[in-house]
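What follows is each chain in one-letter form.
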Amino acid sequence: MSDISRIFAREVLDSRGRPTVEVDVFVGDNVAGRAMVPSGASTGAAEALELRDGDRQRYDGDGILRAVANVNDKIAPALIGADPADQCSLDAKLLALDPSPQKSELGANAILGVSLAAAHAGATVRRVPLYRHLCGCLKAVAGNSLAPLEPRMPLPMTNMISGGLHAGRNLDFQDVLVMPVAAPDMRTGLEWIVRVYKRLGKLLEAAGYEGRLVGDEGGYGPRLKSNEQAIEFVVRAIEAAQLRPGQDVTIALDVAASHFYDGASYRLASEGNSRLSSHEMIDRLERLVTKYPIASVEDGLAEEDWNGWQDLTRRLGHGVQIVGDDLFTTNPERLRRGIELRAANSVLVKVNQIGTLCETLATIILAREAGFSYVVSARSGETEDTTIADLAVGTAAKHIKIGSVVRSERLAKYNRLLRIESELLTCGRT
């Protein structure tokens, strides 16, 4: 017997101490799959709805007992007897239960918890690692449209300095990250990242800044004078780690510009509340890219500034990865518009932005067909769940963006990547 016999959800806590959904999928009498749902702080307007209770007497209104009840009372009965290995059929049933555009009836957190736990159960039933099961799911969704694909290790993008909504708006930009582009493998890349991170902490402390204060995702959260100063510190940390900026290690920016855009201009608090037009904001980013070894810029403009995104991509996209997060929200329709307009050349992939695994895979397929890169990403409110590590490997993502290297909900995923790398090396494939 390999069909789903029972589904059970409970309320657990994420890395910020906020409630989230955990789902168990049973095959026979045993738990075959378990998953926990992440939560974002920097969220796009088009994201699927995270259903919360609103009862101020419990968790200040952030409880998710309604979402849990929707799993146990509405979703579970509809999926008993389903084949967990048939992810597309299972996700189609989930979408039929809640046809609302942003999954507002049952909650995307309820739906996603079941979708991801079922993927784990499907891998268990098939007796394969999750990343290989997900690779198979991707091929099933794509049909004949996908070029040959095998699991592959992604390049990590790792937080060094955090600002924006991840660190109390100490900086306008949300994150300055590093990428160990010359590392021969994940094991070496992570050692380089940890080395840079430690050197950065010492440099910040020596300069009189808070070298131990960290943001939601583990990046340092010092109150620096400007966004550019944060980049300068990271470059110095790479050098202090005896690595070459721009050759061994490059820099990525998560600007998260929607959060300092007022509908008409970009307001930089760190620069005396100066207001920049889209053109001026692009000028600012172009100057930084020219001056520093920046290889990727995420959400450099606001999520509805489509004309600006076209200009940004024209000016920088030939040599820089221009990533849309709030712009696309892992949504195939928004990504399709971006492809048609040539706005961005890369998409950030967050499973909880869209709400089911197969919808996520559809976005990845669309990106691959258009020649866009894709970055599988965690959220600021994370859990010890490691599904996205398998997702990045199984879909051969170019990058994975997990957070920094000092918090266990992040390290669980990095450690999962190390285990997968060992398996792939044993099989002769990396």
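J.: Is there a simple way to think about the overall build of the chain in this case?
T.: If you tally the helices and strands in the chain, you get 13 helices and 13 strands. Based on the C-alpha atoms only, the size of the chain along its principal axes is roughly 60 × 50 × 45 Å. Counting the 430 residues in the chain, one finds 61% classified as buried. Contacts in the chain between residues far apart in sequence, at least 24 positions, make up 68% of those at least 6 positions apart.

J.: Looking at this model, I keep getting lost on the environment of Tyr-374. Mind explaining?
T.: Here Tyr-374 shows up in strand β12 (residues 373–377). For the pair formed by Tyr-374 and Ala-397, sequence separation is 23 residues and the distance between their alpha carbons is 5.9 Å. Dropping the residues within four chain positions of it, Tyr-374 is found in contact with Ser-346, Val-347, Val-349, Ile-364, Ala-367, Arg-368, Thr-395, Ala-396, Ala-397, Lys-398 and His-399. Reaching out from Tyr-374, the side chain makes a polar contact with the side chain of Arg-368 at a distance of 2.9 Å.

J.: What exactly am I supposed to notice about the sheet that holds strand β6 (residues 250–254) here?
T.: Pairing in this closed barrel of eight strands is mixed, and the strands run β4-β5-β6-β9-β10-β11-β12-β13 around the ring. On average, each strand axis in the sheet is inclined to that of its neighbour by 30°, with strand direction left out of account. Where strand β11 (residues 346–349) meets β12, four bridges bridge the pair, whose relative direction is parallel. Opposite Leu-348, over in β12, you have Val-375 as the bridge partner.

J.: Would you mind going over unusual backbone geometry with me for this structure?
T.: One non-glycine residue, Arg-342, adopts positive backbone phi at about 55°. With respect to the helices and strands, the residue Arg-342 is situated in the loop between α9 (332–341) and β11.

J.: How do you make sense of helix α1 (residues 65–79) when you look at a structure like this?
T.: Side chains of residues three or four places apart in an α-helix project in the same direction, reflecting 3.6 residues per turn. An ideal rise of 1.5 Å per residue puts 21 Å on 15 residues; α1 measures up with 20 Å between its terminal C-alpha atoms. Along α1, the helix axis deviates most sharply at Val-71, where the bend reaches about 35°. Of the surrounding secondary structure, the elements contacted by the buried residues of α1 are β1 (4–13), β2 (19–27), α2 (87–97) and α3 (108–126). Just beyond α1, the residue with positive phi is Gly-81, at close to 90°.

J.: What is the right way to look at the pattern of salt bridges in this model?
T.: One side chain can pair with another of opposite charge once the charged atoms of both are near each other. Scanning the model with the defined rule gives 29 salt bridges in all. The closest approach of N and O atoms between Asp-62 and Arg-18, which form a salt bridge, is 3.3 Å. Note that Asp-62 is positioned in the loop between β3 (30–36) and α1 and Arg-18 in the loop between β1 and β2, a separation of 44 residues in sequence. Its relative accessible area of 22% is what places Asp-62 among the partly exposed residues. With a closest N to O distance of 3.2 Å, Glu-47 and Arg-379 form a salt bridge. With Glu-47 in the loop between β3 and α1 and Arg-379 in the loop between β12 and α12 (387–394), this pair connects stretches of sequence that are 332 residues apart.

J.: Got a minute to help me understand the sheet that holds β2 in this structure?
T.: Within a sheet, each strand pairs with its neighbour through backbone hydrogen bonds, oriented either parallel or antiparallel. In space, the three strands of this open sheet follow the order β1-β2-β3, with antiparallel pairing throughout. Across the chains shown, the open sheet's two edge strands, defined by having one partner strand only, are β1 and β3. The sheet shows a mean angle of 20° between the axes of neighbouring strands, taken without regard to direction. Sheet analysis places β1 next to β2, joined by nine bridges and oriented antiparallel. Bridging from a neighbouring strand, Arg-6 pairs with Phe-26 of β2. Contacts from α1 reach β1 and β2 within the one sheet, and its direction differs from that of β1 by about 175°. Packing against the sheet, α3 makes contact with β1, β2 and β3, and its axis sits at approximately 135° to β3.

J.: Teacher, can you tell me more about the packing of aromatic side chains here?
T.: We describe a pair of aromatic rings using the distance from one ring centre to the other and the angle between the two ring planes. Counted by the stated rule, this structure contains six aromatic pairs. Relative to Phe-260, the ring of Phe-173 has its centre 6.4 Å away and its plane inclined at 20°; by these criteria the two rings are stacked. Linking Phe-173 in the loop between β4 (155–162) and β5 (175–179) with Phe-260 in the loop between β6 and β7 (266–268), this pair joins segments that are 87 residues apart in sequence. Accessibility expressed as a relative area gives 5% for Phe-173, which makes it buried. Residue classification places Phe-260 among the buried positions, given a relative accessible area of 8%. Geometrically, the ring pair formed by Tyr-261 and Tyr-266 is tilted, given 4.5 Å between the ring centres and 35° between the ring planes. In this structure Tyr-261 comes out as partly exposed when scored by relative accessible area, which is 27%. Overall, the relative accessible area of 0% leaves Tyr-266 in the buried class. Among the aromatic residues, those joined into a ring-pair cluster are Phe-173, Phe-260, Tyr-261 and Tyr-266. Lying across the ring of Phe-26, Arg-6 places its NZ or CZ 4.7 Å from the centre.

J.: I tried to follow the packing of helix α5 (residues 186–206) against helix α6 (residues 227–240) on my own but got confused; where do I start?
T.: Axis angle and axis distance: for two packed helices, these are the angle between their axes and the distance between the axes, and together they describe the pair. Where α5 contacts α6, the axes come no closer than 8 Å and their chain directions differ by 120°. When the axis of α5 is compared with that of α6, the two are oblique. Between α5 and α6 lies a crossing of right-handed hand. Side by side, α5 and α6 meet where Val-196, Arg-199, Leu-200, Leu-203 and Leu-204 of the first sit next to Phe-233, Val-234, Arg-236, Ala-237, Ile-238 and Ala-240 of the second. Classifying every residue of the contact of α5 with α6 by side-chain character gives nine nonpolar, no polar and two charged.

J.: Teacher, can you tell me more about the side chain of Gln-321 here?
T.: Mapped onto the secondary structure, Gln-321 falls in strand β10 (residues 321–324). A polar atom in the side chain of Gln-321 sits 3.1 Å from the side chain of Ser-296. In terms of polar contacts, Gln-321 uses its side chain to reach the side chain of Ser-373, at 2.8 Å. Those residues in contact with Gln-321 that sit more than four places away from it in its chain are Met-157, Ala-295, Ser-296, Val-297, Asn-345, Ser-346, Ser-373, Val-375, Lys-398 and His-399.

Procedures and definitions
- Residues numbered from 1 in each chain as written.
- Predicted model: local features only at pLDDT ≥ 70, side-chain atom pairs only at ≥ 80, totals over all residues.
- Heavy atoms only, no water.
- Helix = DSSP H or I, 4+ residues; strand = E, 2+ residues; numbered from the N terminus.
- Buried < 20%, exposed > 50% of the residue type's maximum accessible area, 1.4 Å probe, protein only.
- Contact = heavy atoms within 4.5 Å.
- Polar contact = N/O pair within 3.5 Å; in protein donor to acceptor, adjacent residues only side chain to side chain.
- Pairing = 2+ DSSP bridges.
- Axes fitted to C-alpha atoms, helices over the stretch in contact; angles between N-to-C directions.
- Expected span 1.5 Å × (residues − 1).
- Bend = angle between axes of the 7 residues up to and from the residue.
- Salt bridge = Lys/Arg side-chain N within 4 Å of Asp/Glu carboxyl O.
- Phe/Tyr/Trp six-rings, centres within 6.5 Å; stacked < 30°, edge-to-face > 60°.
- Lys NZ or Arg CZ within 6 Å of the ring centre and 35° of its normal.
- Parallel < 35°, antiparallel > 145°, perpendicular 65-115°, else oblique.
- Left-handed = near helix turned anticlockwise from the far one by under 90°.
- Nonpolar A, V, L, I, M, F, W, Y, C, P; charged D, E, K, R; others polar.

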